[in-house]
Amino acid sequence: MNATTNDPTSPFFSEIARLRQELERANESIDEKLEQIEEAGMDVISLTRQVGDGHARIAALEDDIDRLSRKDDRRTRRLQKMRCGKCRTKIDARSVDADERYVSCAKN
Ligand SMILES: [Zn+2]
């Protein structure tokens, strides 16, 4: 700093003091804004992570659904092609109660 800035008799003394205060306020304001940006950044990081977790969960659930629906298709095809244990008549067992252990055609 120039020597005149600290000299109370300088014609610029009060102007320099005012500018210093303004500079201090500006610095504080910048610090405050940087903090806000940092907080917002944390929120964005947190949200981005949550979105990523959500996508991973959705992908896992879609895989589960695909696997289960393939399994269900195989089961349905198997039930459709069942036959009576006595006369070998085809029985569509899709509507058979899950608790039943034996099925037979209408003739038996
Ligand atoms: Zn039968």
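Along every chain, residues carry numbers that run from 1 in the direction the sequence is written. pLDDT decides what is reported in this predicted model: residues at 70 or higher carry local features, side-chain atom pairs at 80 or more are listed and counted, and totals for whole chains, interfaces and linings draw on all residues regardless.

Observations concerning the overall build of the protein chain
- A helix here means a DSSP run of H or I that spans at least four residues, while a strand means a run of E at least two residues long, and both kinds are numbered starting from the N terminus. A count of helices and strands for the protein chain gives one helix and two strands.
- Secondary structure elements of the protein chain occur, N-terminal to C-terminal, as α-β-β.
- Seen through its principal axes, the protein chain has C-alpha atoms that stretch 120 × 20 × 15 Å.
- Every C-beta atom is placed from the backbone, and the number of other C-beta atoms within 10 Å of a residue's own sets its class: buried at 20 or more, exposed at 12 or fewer, partly exposed in between. Per-residue burial for the protein chain yields a buried fraction of 0% across its 108 residues.
- Whether two residues are in contact is decided by their C-beta atoms, placed from the backbone, lying within 7 Å. Put simply, 3% of the contacts in the protein chain that link residues at least 6 apart link residues at least 24 apart.

Observations concerning unusual backbone geometry
- Its identity is not glycine, yet R88 carries a phi of approximately 65 degrees, on the positive side.
- Residue position: R88 is located in the loop between β1 (82-83) and β2 (90-91).

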